[in-house]
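Summary of the model geometry
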Number of protein chains: 2
Amino acid sequence: MNDGANEPPVVDLSPLLTPASIAIVGASTDPNKIGAKPLKFLRKYGYGGAIHPVNPRGGVVDGLTCHTSVAEIDGPVDCAIVVTTAAHVLPALRDCAAKGVRAAVVISAGFAETGPQGMAAQAEMREIAAAGLRILGPNNQGTVNLGAATVVGFNPLLEALDGFRSGTIGLVSQSSGVGFGLMGLGLERGMGFAHLLTTGNEADLTFADCGLALLEREEVQVVAGAIEGIRDPATLRRLARRSHELGKPVVILKGATSKAGMRAAASHTGALAGHGAVFSAFCRQEGLIEADSVDALLDYAQAFASPRSRKTGTRTVAITGTGGTAVLMADALEREQFELPAPGAASIEKLRGTLPDIASLANPIDMTTANLGNRALFTDTARIVGAEGSYDTLIAVVGPAVAQSGLDYARQIVASADYLPSTVVTWTAPDGPGQDLLRANGILVIPSPQRLAAAMSGLRRFNEYGARRSAAAAALPDASAERRRKARDFLSQVATRQLAEHQARTLCAIWDLPFPRQTLAHDIDTAEAAAREIGFPVALKLQSAQIGHKTEIGGVVLNLKDADSVRAAAERLLNTAGLADDVKIDGVLVQEMVIGAGEVIVGGVKDPELGMAIMAGPGGTLAEVMQDVSFRLAPFDAREAECLCNETRLAALVHGVRGRPAWDAPALYRTIERIALMASELEDLVDEIDFNPLIVRRDGEGVVIVDALVVKI
Amino acid sequence: MNDGANEPPVVDLSPLLTPASIAIVGASTDPNKIGAKPLKFLRKYGYGGAIHPVNPRGGVVDGLTCHTSVAEIDGPVDCAIVVTTAAHVLPALRDCAAKGVRAAVVISAGFAETGPQGMAAQAEMREIAAAGLRILGPNNQGTVNLGAATVVGFNPLLEALDGFRSGTIGLVSQSSGVGFGLMGLGLERGMGFAHLLTTGNEADLTFADCGLALLEREEVQVVAGAIEGIRDPATLRRLARRSHELGKPVVILKGATSKAGMRAAASHTGALAGHGAVFSAFCRQEGLIEADSVDALLDYAQAFASPRSRKTGTRTVAITGTGGTAVLMADALEREQFELPAPGAASIEKLRGTLPDIASLANPIDMTTANLGNRALFTDTARIVGAEGSYDTLIAVVGPAVAQSGLDYARQIVASADYLPSTVVTWTAPDGPGQDLLRANGILVIPSPQRLAAAMSGLRRFNEYGARRSAAAAALPDASAERRRKARDFLSQVATRQLAEHQARTLCAIWDLPFPRQTLAHDIDTAEAAAREIGFPVALKLQSAQIGHKTEIGGVVLNLKDADSVRAAAERLLNTAGLADDVKIDGVLVQEMVIGAGEVIVGGVKDPELGMAIMAGPGGTLAEVMQDVSFRLAPFDAREAECLCNETRLAALVHGVRGRPAWDAPALYRTIERIALMASELEDLVDEIDFNPLIVRRDGEGVVIVDALVVKI
């Protein structure tokens, strides 16, 4: 959509990550106060630049004389750490801006999270930022550059650590607790991070800003992040695009999926969204890799940061000396839809000459404990299967049975890592020097077979998205101001919030959506005449803006084959008993009876963070019971619509099931593309759209929408 | 089913776990050989009993003089560790039996896993065992009693460890690599095990034998196991029953779910089984807790071994000082269907007086960083919500923000652990003394919110199963030899493997299964007469033992409303073109047209390990597309049938969806009970049973089977 031509420049994080000089505004002499921590950690980890404590009362902090204001500092200041009480933050930031400070980390809390007054203060902060001082926070705990051991902020975890192992993962988290927790758990696992940025309330710099800026940095090969509220979906899209342009994966754990929720909604679509389903769809659509747990986030990040494991694909070969663990690995691989094809006959012949008689030559290949006595057996085996050229991933399954010769085993795996495009290891035993050696050589090691398979699935997902993306760019029709104007004019004349079906149809006609032939009748005679005109059989549908689900109140009568049936049904509908007195009947729709190959539900619902989301799945009255839908953010093209449908059981249904005819799937995908275009163009005019069912006819015969629900804003 | 009256006594594991004397048969003087390891580890970990090395060549092993045979040993021998080559194992075991040795651990490999010869040797081993010498193995690595630091066997992991932390978890694994790997990973996590038993090829003692024996031991509170092949489902059922009688959970990770597979099958049911679905159903049915990964197995075991976390239920209250992690916790709890109800008004009032203004009093309750300065804030908060009496589980969500005062925080949590029935902790930061203190006090600590929620779900599952079990015993009809005899006689007269529908119906009549009125017609006139007799509308169905899925070849014609339609349809079916010449047509079934409220598929398929499994789910032609089924092992009662149905979308469908009528659900469950009874009584006569659809009529109107497929063995 956005090709990047008019995008703002990527934020320069260097004043935060590699500042030459730092002011600490609110520096405290009391070592138990948060104001004392930034200086403590700068010194503890060996920061080499200039440090300027600032305190209006002056004094000496840990040997450094305090300036009474930022203005007083001699020379330039790259970064200010603000740890004052909330009331002093804005004046301090203004001082910083006046001084030409490039960036500020506002650790102080007491802003948007506390209510309207705090929100107003935070808005002022944003104005100061817009004038040039980039602000991280408020209500965050700063940044850590692990490569340069520079801590611009504080977190109690920093008390416990002695130093950092640095690496290529750039970590971003809105929540400081989550961010530092992830860093701590990752370091404990032997992972290496380049940077940690915590963004807090995001008055200025957002999660996506920071992720994007990290992605562009040479020392960062992977961005891993934890996000709660999405403040700028456009930058998040840009982050995803750059991720694939640069070949650097972005892994995200989304919080607040249980609370974000959709607003209470009258449609199916509303009831089916939620639980993070739209964010998950966003990730699939844009090529971000979503993690659903703390462990998965760390596993994926570790996988992507292991260069010799990066090219993981579907065709895997496992080599093991511990059969039981290999069985668990095979189970897990099957669950994640990896293949374990048997080696070819020629390879089997060579393996027979290499491995002991009791070895299993299927896949997984079980060397048995023979590998303990022969220190080249793994390498020989890997060379043989690698030479076959048909596998893309070598999986070494190691158990405690070889812990004694762990380093030898690890050396063999490292020596074999060039035989296949990708090598990964599951080592189901406590950590040891062998595992360290593998990690140091860029090979992914995860102790659990199931978590390894899941991480491999993340690697494959990234690679497949990249391949799909480079194969074909999205081909979206241009947005049309003309269509929008027509829709606005029409909607302004509709008095109710929920459109009657005939009104919905008029609206949809602007986007050329396919409907059956029909006439709105206000009396029995007109209904009969309309049915004769359309041709039998016909369906009759009660029309009222106040009735959402007509079927439930008996407001739909199908398959009327003659004039008498039409008259009887029209009479019953027009004089519908049992409805509340204040329900206004607009008439009955007389409609061509549409016999299709299958039914689909397509809806549009607004995600409060990401905008108009389109849902599709098997349709009809059972749509809500099936609960089998998936989402995409509008707009998108027909190919993306196909991906969307293939995430549901529509994948099987479109081919025709058990003798039923195949559907006109291309027409379905094209229609969903049109619906997505309509939904995106109506984003600020309409709250919900719901087509159920959309009837798909046989191959080549197109699709027809037989029931449409539109709810205005 | 089995009330335990005729069950064999539980195996006495004491010669394996607490032997007073041990013989090492095949003891080696070469420290690199496996034969040298048992003695090494007995000494390393401080075994205090008598050790007797045995080697036909005599000699001195590490200061001990070898006996040349077991017979030569003075005094009784509790346990023999056999580490000879395979060829010497049987003679050695015979010697042991003659000597009166009580148990043997056969570490040697080269038996059933190598082919027919090895299988025969293993069968002999079983005979020796039957005479009194209990055998663990062959092809295993023995046992570890962590409480007494007694290692009866070997594994290289034992080289790396200095000693053991013991605890209450009894660990059993068929695979030694997996077993020792789990022990190593668990010890690394701070878990405590009572024993590890590896069972290998299971010539005598099985996984279930060992699990059951561990369960009965006082020092064991939880049994955790990894199993591949199930050799004795009856003992596994007994293990499950004792688990709930004793209130000691059993957690199992099943391997080889991708390979066990069902035999190639003609029916829907066959295609829908596999991937461990039947084993999962078995666990749900019997009250075993299934883990789907190494991490989950350890998490569950840890959870069950934490006494102050054991009573976890659905109503939870979370208290945190780190909001971001609490958000992740809330998401994970919602996913696992826990509730986080807000505190009552009185509690809110008290909390307001206790917590700072910026605290969040919803659930999770966020104390903010105020807890850092006030060392009783957590306890005060927990006391208030505990006094409310409406929560069953307190969740402390701790982040790295309090790592500096981790011990203080942990002490507060320990002090609060009596306020609610259950207390659990997620502490998203590297391990530290605070976490050790919590574990030492019997409180579950898991570093990831998502894994904590999953472990809590395991706790709740065990507790709910226990409550359900004690509420009502299963009420199964007795198996009937008379029905079995009738069925055997009838089936012996059927020439083809797959029964024609009318034959299937005859068979089903033995169990009084409900079918529609019908007549088998061999010509057009008879078909018409039958239709007149039954009353219009009718359905016509082609009958041929060679045709499984009639719908696909147009062999079913529904809703024929008059004689002419019946004649036309009968003519077409009886002269069906397009079928292979050798397909024999038995006639057409003229059947009452059954209009129901909904359709269900019910099938029976043989699991190679667990026996006849019954499947149910939404039915009709879309059953295979829906892939929405669940399983139970036959026989079971109507209440269990209801549980089975409720694991699928039938849970919603039976209530009637969107204005459709409610189903006769009790009749459905009763019919499934009858089908399960039939399947279990036919277990050795029939391979597959498939009813699709079984039509459920409106509430009170019963159910009817309209299509039945039965395949003989």
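In the annotation of an unreviewed UniProt entry, the entry for chain A reads CoA-binding domain-containing protein, and the organism field reads Bordetella genomosp. 9. Per UniProt, chain A carries the Sequence similarities (unreviewed entry) text "In the N-terminal section; belongs to the acetate CoA ligase alpha subunit family."

All right, on to the overall build of chain A then. For chain A, the count of helices and strands is 27 helices and 29 strands. Taking the intrachain contacts of chain A between residues at least 6 apart in sequence as the baseline, contacts between residues at least 24 apart amount to 73%. For chain A, the exposed surface amounts to about 26100 Å²; the carbon and sulfur share of it is 50%. Of note, chain A has its 66 positive side-chain charges centred 2 Å away from the centre of its 81 negative side-chain charges.

All names here are of chain A. With antiparallel pairing, 4 strands are arranged side by side in an open sheet as β20-β23-β21-β22. In this open sheet, the two edge strands, each paired with only one partner strand, are β20 (518-521) and β22 (556-560). On average, adjacent strands in this sheet sit at an angle of 20° to one another, irrespective of strand direction. Sheet analysis places β20 next to strand β23 (residues 587-592), joined by 4 bridges and oriented antiparallel. Within β23, the residue paired with threonine 519 across the bridge is valine 590. Of the strands in this sheet, β21 (538-543), β22 and β23 are in contact with helix α23 (residues 563-574), which crosses β21 at around 10°.

A few words on the domain arrangement of chain A. Assigned domains of chain A: these are domain 1 (13-305), domain 2 (310-450), domain 3 (517-593) and domain 4 (598-712). Here domain 1 of chain A and domain 4 of chain A have C-alpha centroids that lie 39 Å from each other.

The next thing to look at is the relation of the copies chain B and chain A. The two copies are related by a screw motion: chain B maps onto chain A through a turn of 180° and a shift of 0.0 Å along the axis, at an RMSD of 0.1 Å. The superposition of one copy onto the other is thereby described by a two-fold rotation axis. Taking C-alpha positions as reference, the residue of chain B nearest the rotation axis is Met626(B), located at 4.2 Å. The overlap is high: 100% of the interface residues of chain B also sit at the interface in chain A, so the same surface is used on both sides.

Residue and element names in this part refer to chain B. Here helix α13 (residues 323-335) is 13 residues long and its end C-alpha atoms lie 19 Å apart, about the 18 Å a rise of 1.5 Å per residue gives. Buried residues dominate α13, accounting for 10 of its 13 residues. Gly324, Thr325, Ala326, Val327, Leu328, Met329, Ala330, Asp331, Ala332 and Leu333 are the residues of α13 that are buried. Of the residues one or two after α13, glutamine 337 is the one with positive phi, at around 60°.

A word on the interface of chain B and chain A. In this assembly, 68 residues from chain B lie in contact with 68 residues from chain A. Counting across the chain B and chain A interface gives 2 salt bridges. Here Asp295(B) makes a salt bridge to Arg451(A), at a shortest N to O gap of 3.2 Å. Here chain B is connected to chain A by 9 residue pairs in polar contact (both at pLDDT 80 or more). Top element by residues in the side of chain B that touches chain A is α13(B). It accounts for 8 residues. Taken together, the residues of the side of chain B that touches chain A break down into 27 nonpolar, 23 polar and 18 charged.

Residue and element names in this part refer to chain A. The strand order across the open sheet built from 5 strands is β2-β1-β5-β6-β7, with neighbouring strands paired in parallel fashion. Bordering the open sheet on either side are β2 (50-54) and β7 (134-136), each of which pairs with just one other strand. Here the average twist between neighbouring strands, direction ignored, is 20°. With 5 bridges joining them, strand β1 (residues 21-25) and β2 adopt parallel strand pairing. Across the sheet, isoleucine 24 pairs through a bridge with proline 53, a residue of β2.

Note that the residue after Gly137(B), namely Pro138(B), is joined by a cis bond; omega there is 0°. Along the chain, the position of Pro138(B) falls in the loop between β7 (134-136) and β8 (142-145). The peptide bond linking Asn363(B) to Pro364(B) adopts the cis configuration, its omega dihedral lying at 5°. Here Pro364(B) is to be found in the loop between α14 (345-354) and β16 (365-366). At Asp62(A), a position not held by glycine, the phi torsion is positive, near 50°. Locating Asp62(A) in the fold gives a position in the loop between β3 (60-61) and β4 (64-65). The backbone of Glu202(A) sits at a positive phi, close to 60°, despite the residue not being glycine. Among the structural elements, Glu202(A) can be located in the loop between β11 (193-198) and α7 (207-215).

Conventions used here
Residues numbered from 1 in each chain as written. Chains lettered and ligands numbered in written order. Predicted model: local features only at pLDDT ≥ 70, side-chain atom pairs only at ≥ 80, totals over all residues. Heavy atoms only, no water. UniProt positions renumbered as here; feature names shortened; annotations may be inferred. Helix = DSSP H or I, 4+ residues; strand = E, 2+ residues; numbered from the N terminus. Contact = heavy atoms within 4.5 Å. Areas by Shrake-Rupley, 256 points an atom, 1.4 Å probe, with all protein chains shown as cover. Lys, Arg positive; Asp, Glu negative; His and termini not counted. Charge placed at Lys NZ, Arg CZ, Asp CG, Glu CD. Pairing = 2+ DSSP bridges. Axes fitted to C-alpha atoms, helices over the stretch in contact; angles between N-to-C directions. Domains from an automatic or database assignment. Least-squares fit on C-alpha atoms with pLDDT ≥ 70 in both. Expected span 1.5 Å × (residues − 1). Buried < 20%, exposed > 50% of the residue type's maximum accessible area, 1.4 Å probe, protein only. Salt bridge = Lys/Arg side-chain N within 4 Å of Asp/Glu carboxyl O. Polar contact = N/O pair within 3.5 Å; in protein donor to acceptor, adjacent residues only side chain to side chain. Nonpolar A, V, L, I, M, F, W, Y, C, P; charged D, E, K, R; others polar.

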